[in-house]
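# A structural walkthrough
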Amino acid sequence: MILVAGGTGRLGTLLVQHLTVRGLPVRVLTRDAARASHLARTGITLDVALGDVRNPDSLARAVQGADLVVSAMHGFSGLDDGSPASVDRKGNMNLIDAARAAGAAVVLMSVVGAAPSHAMELFRAKYDAERYLRQSGLRWTIVRATSFIETWAMVMGTPLQQTGKAMVLGRGENPINFVSTVDVAALLERAVIDPALRAQTIEIGGSANVTFNQFAATLLKACGRPGSVRHIPRPMLRAMGFLMRGLKPGFARHARAAVAMDTIDMTFDASKTRRDFPHLPNTDLNTAVERWFSEERKRAAPPAQK
């Protein structure tokens, strides 16, 4: 049995689909069974375990009988009910402890650049989880990825669809490596099924480093309607990151992260992993963005009349 924490998110959903196509038994850990309903609609038959990685007592049943535990979750997007500290650091530690009690191996999803002194809280939390896993005595694999194209398509593309303006945080001139969740899910699947990858840290990124301004231009081209770009100045982001800490900590965290992404080195050379795993998909930015808009249009379309 493979337990997937974060199995209802975009990356986790793709991984669950891949594993079930292989005929492997999968259990999805979720706080709310309704969050897994989209999996059932795709015809996937799977076990759903209710639990919260922030509550270690809720994990015992979820890991029971599991041979391998996958952490495909993150708390970066959480505004009120999660954070890198509570999910990516402590939540992963709780999940690793539960896996140890069950005698299960662990595949941990992390980020390229994870480090104890990184400017972004998410990267520091992921590093702590990586270190905890390496020291756990368990069989482990760590998969690190760069920023997800689909995540930022949603962040920038949703306002574009609603208001006609794509939002760029900062000047948007800093090169960043973006990768599609389709590519990451394929590597994560390989990490799950291949025991030869235990005790390895594998990094994956996209084929090109692009700026947020270039990303926004791709969104405008794929949107299919007139639009423009709106920049939120860096001083405003810094002010929001400081002033909103107490009132809206999640919003403040996002503002601070935006400043970091606008200023620090976020580039990546993906050639080594692409050589080591030549059969992985290599989705370019245009294709991933067009696919995201297509999915959004299908989601927004009224149900067909019977």
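See the structure shown above.
What you see is a predicted model; the values in this text were computed from it and never measured.

Under the counting rule described, the total for this entry stands at four aromatic pairs. Taken together, a centroid distance of 5.0 Å and an interplanar angle of 70° make the contact between F178 and F215 edge-to-face. You can see F178 sitting in strand β9 (residues 176-179) and its partner F215 sitting in helix α8 (residues 212-223), a full 37 residues away along the chain. For the pair shown, F178 and F215 are each scored as buried. Here the aromatic residues W152, F178, F212 and F215 are joined through ring pairs into a cluster of three or more.

A separate point is the packing of helix α9 (residues 234-243) against helix α10 (residues 249-261). Remark: α9 packs on α10, axes separated minimally by 7 Å, with the N-to-C direction vectors making an angle of 145°. Classified by chirality, the crossing of α10 by α9 is left-handed. From α9, R234, L237, R238, M240 and G241 reach across to α10, where they touch F251, A252, A255, R256, A258 and V259. Residues of the contact of α9 with α10, tallied by class, amount to seven nonpolar, one polar and three charged.

What follows concerns the nonpolar core. The biggest cluster of nonpolar side chains holds 36 residues, and the ones touching the most others in it are F178, F212, F215, L219, V289 and F293. Mapped onto this core, the elements with two or more residues apiece are α5 (121-134), α6 (149-163), β8 (165-169), β9, α8, α10 and α12 (285-300). Considering every element that reaches this core, the biggest residue donor is α8, with six residues. Dropping the residues within four chain positions of it, F293 is found in contact with L160, Q161, L219, A222 and C223. Counting residues in hydrophobic clusters, the runner-up holds 33 residues, among them I2, V26, F148 and V184.

On to the pairing of β9, then. The two faces of β9 match: I176 and F178 on one face and N177 and V179 on the other face are all buried. Pairing between strand β7 (residues 147-148) and β9: two bridges, direction parallel. Note that in β9 the partner of S147 across the bridge is F178. Summarising the sheet, β9 and strand β11 (residues 209-210) pair through two bridges and their orientation is antiparallel. Each residue of the ladder has a partner; that of I176, found in β11, is V210.

It is worth spelling out the environment of A72 at this point. Here A72 is to be found in the loop between β4 (68-71) and α4 (84-102). Between the alpha carbons of A72 and G6 there is a distance of 4.8 Å; along the sequence they are 66 residues apart. Apart from residues no more than four positions distant in its own chain, A72 is found in contact with A5, G6, L11, G12, M109 and L188.

Here we take up the pairing of strand β1 (residues 2-5). Residues I2 and V4 line one face of β1 and the alternating positions L3 and A5 line the opposite face, and both faces are buried. In this structure, β1 lies alongside strand β2 (residues 26-30), joined through four bridges in parallel fashion. Directly across from V4, in β2, lies its bridge partner V28. For the handedness criterion, the β-α-β arrangement of β1, helix α1 (residues 10-21) and β2 is classed as right-handed. Bridge analysis of β1 against β4 gives four bridges, and the strand direction is parallel. The partner of L3 across the bridge, within β4, is V69.

Consider a sheet: its strands pair through backbone hydrogen bonds, and that pairing is either parallel or antiparallel. Spatially, three strands are ordered β7-β9-β11 in an open sheet, and the strand pairing comes out mixed. For this open sheet the edge positions go to β7 and β11, each flanked by a neighbour on one side alone.

The next subject is α12. Here α12 spans 23 Å end to end across 16 residues, near enough to the 22 Å set by a 1.5 Å rise per residue. Within α12, burial applies to L285, A288, V289, W292, F293 and E296. Down the axis of α12, the buried set is contained in an arc of 135°. They therefore lie on one face. Packed against the buried residues of α12 are α1, α6, β11 and α8. For α12, the N-terminal cap is D284; the gap from its side-chain oxygen to the backbone nitrogen of N286 is 3.2 Å.

Reading the values: the criteria
Residues numbered from 1 in each chain as written. Predicted model: local features only at pLDDT ≥ 70, side-chain atom pairs only at ≥ 80, totals over all residues. Heavy atoms only, no water. Phe/Tyr/Trp six-rings, centres within 6.5 Å; stacked < 30°, edge-to-face > 60°. Helix = DSSP H or I, 4+ residues; strand = E, 2+ residues; numbered from the N terminus. Buried < 20%, exposed > 50% of the residue type's maximum accessible area, 1.4 Å probe, protein only. Axes fitted to C-alpha atoms, helices over the stretch in contact; angles between N-to-C directions. Left-handed = near helix turned anticlockwise from the far one by under 90°. Contact = heavy atoms within 4.5 Å. Nonpolar A, V, L, I, M, F, W, Y, C, P; charged D, E, K, R; others polar. Core = buried A, V, L, I, M, F, W, Y, C linked by side-chain atoms within 4.5 Å. Pairing = 2+ DSSP bridges. Right-handed = clockwise from strand over helix to strand, strands pointing away. Expected span 1.5 Å × (residues − 1). Arc of directions from axis to C-beta. Polar contact = N/O pair within 3.5 Å; in protein donor to acceptor, adjacent residues only side chain to side chain.

Note that every value here comes from positions in space, so none of it alone points to a role or purpose.
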